[in-house]
Amino acid sequence: MRVVLAPMEGVIDDLMREILSEINPYDLVVTEFVRVVSQLLPEKVYYKLCPELRNGGLTASGTPVRIQLLGQHPSVMAENAHRAVELGSQGVDANFGCPAKMVNRSKGGAVLLQYPDTIHDIVKAMRDAVPNEQPVTAKIRLGFEDKSLFMENALAVYEAGASEIAIHARSKVDGYKPPAYWEYITEVRKRLPIPVIANGEIWSREDAIRCMDVTGCDNIMLGRGAMSLPNLAAAIKGEQAPYTWAQTLSLLLRYTQKQLIGKKSDYYPARVKQWFTYLNKQYPEADALFRDLRVLKTTDEIVAILEKTYEQQNR
């Protein structure tokens, strides 16, 4: 079994990748997407989004990191794919799943699921530009407005030479609403000879087992579930029991310490509140605490309430 940490724009940045890979046996983590428009991007863009490049493309705990690109022009995607692996990315991934309206309006992300030929041309150009030993992969949804082209898109990725494909088992129109339509992944897995990674509605070890049973996949990708239960990958692999609220609260404080000494400290109130929107699904205690925390505006106020809650938990 392989467990991959999904790219989540504006959520799983380098600090979150560091925190989650420290406590989980992830086989791979994928970055937030690099938006590729019309030119080869400067190296500084890659180092900013993926500082792990300065560590050989690994997190501090040694988990491989793969850069994801989002764009619509094959030649420019190819140039940037070559640059990403040249700088140390552990392969390169193409985003055909982002549902954001702004991205879709500019012909990127999930909107390309309407055009299998374009998906093929992008992946092939990337494959041709990257050394054979480096994986070229893609993440797709089941479709844009409907799921009618799900197999055509999967075949386009495979026939272009991709090493593997991750499938979020919803269309763009489905958004993130349950259920995830795992049975479509089953059909792709039976048809394609490359590894297929199943993604969508995996919140627990039990969900992961059901997903693998339904799809026949040995590979899964965790997104929102990884934020809801911080050690979900370790729990799925049977290495740890799911974190208690006390353990998660301790992790929140460790995240706080790291965030406040970094360059993104100004974003701390928004980022910690964002994390709570996921934790609320797993922990009733998080939901109760968030009612107090969400009205606070300053870092000092938020840190104080987290520390007070932690002290009360450990009396």
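Please refer to the structure higher up on the page.
Bear in mind the structure is a predicted one, so any value in this text is a computation, not a measurement.

J.: An account of the packing of aromatic side chains is requested, with residue identities and associated values reported.
T.: Taken as a whole and judged by the stated rule, the model has 6 aromatic pairs. Each ring, one from Tyr255 and one from Trp275, has its centre 5.2 Å from the other, and the planes form 80°; the classification is edge-to-face. You can see Tyr255 sitting in helix α11 (residues 245–260) and its partner Trp275 sitting in helix α12 (residues 268–282), a full 20 residues away along the chain. Of the two residues, Tyr255 and Trp275, neither departs from the other in class, the shared state being buried. Members of the aromatic cluster, connected to one another through ring pairs, are Trp245, Phe276, Tyr283 and Phe290. Cation over ring: Arg54 sits above Tyr47, and NZ or CZ is 4.0 Å from the ring centre. Above the plane of the ring of Tyr176 lies Arg141, whose end atom (NZ or CZ) is 5.0 Å from the centre.

J.: Give a description of helix α3 (residues 74–87) that names residues and reports values.
T.: The first and last C-alpha atoms of α3 sit 20 Å apart over 14 residues, in line with the 20 Å expected at 1.5 Å per residue. When α3 is considered as a whole, its buried residues turn out to be Val76, Met77, Ala78, Asn80, Ala81, Arg83, Ala84, Val85 and Leu87. At its buried positions, α3 is contacted by α2 (43–49), β3 (65–70), β4 (92–96) and α5 (116–129). The positive-phi residue at the C-terminal boundary of α3 is Gly88, with phi of around 125°.

Rules and cut-offs
- Within each chain, residues carry numbers counting from 1 in the order of the written sequence.
- Given that this is a predicted model, residues contribute local features only at a pLDDT of at least 70 and side-chain atom pairs are listed and counted only at 80 or more, while totals for whole chains, interfaces and linings are drawn from all residues.
- Values shown for side chains rest on all heavy atoms present in the structure; no hydrogens or waters enter the calculation.
- Here a Phe, Tyr or Trp ring, Trp counted by its six-membered ring, pairs with any other such ring whose centre lies within 6.5 Å, and the pair is stacked when the planes are under 30 degrees apart, edge-to-face when over 60, and tilted otherwise.
- Helix and strand labels come from DSSP, where a helix needs a run of H or I of at least four residues and a strand needs a run of E of at least two; each type is numbered from the N terminus.
- Each residue is assigned to one of three classes by its accessible area relative to the maximum for its type, calculated with a 1.4 Å probe on protein chains only: buried under 20%, partly exposed between the two thresholds, exposed over 50%.
- Definition used: whenever NZ (Lys) or CZ (Arg) falls within 6 Å of the ring centre and also within 35 degrees of the ring normal, the charge is taken to sit over that ring.
- Expected helix span is taken as 1.5 Å per residue step, with the number of steps being one fewer than the number of residues.
- Every residue pair with non-hydrogen atoms within 4.5 Å of one another is taken to be in contact.

Keep in mind that these numbers describe shape and distance, not what the molecule does.
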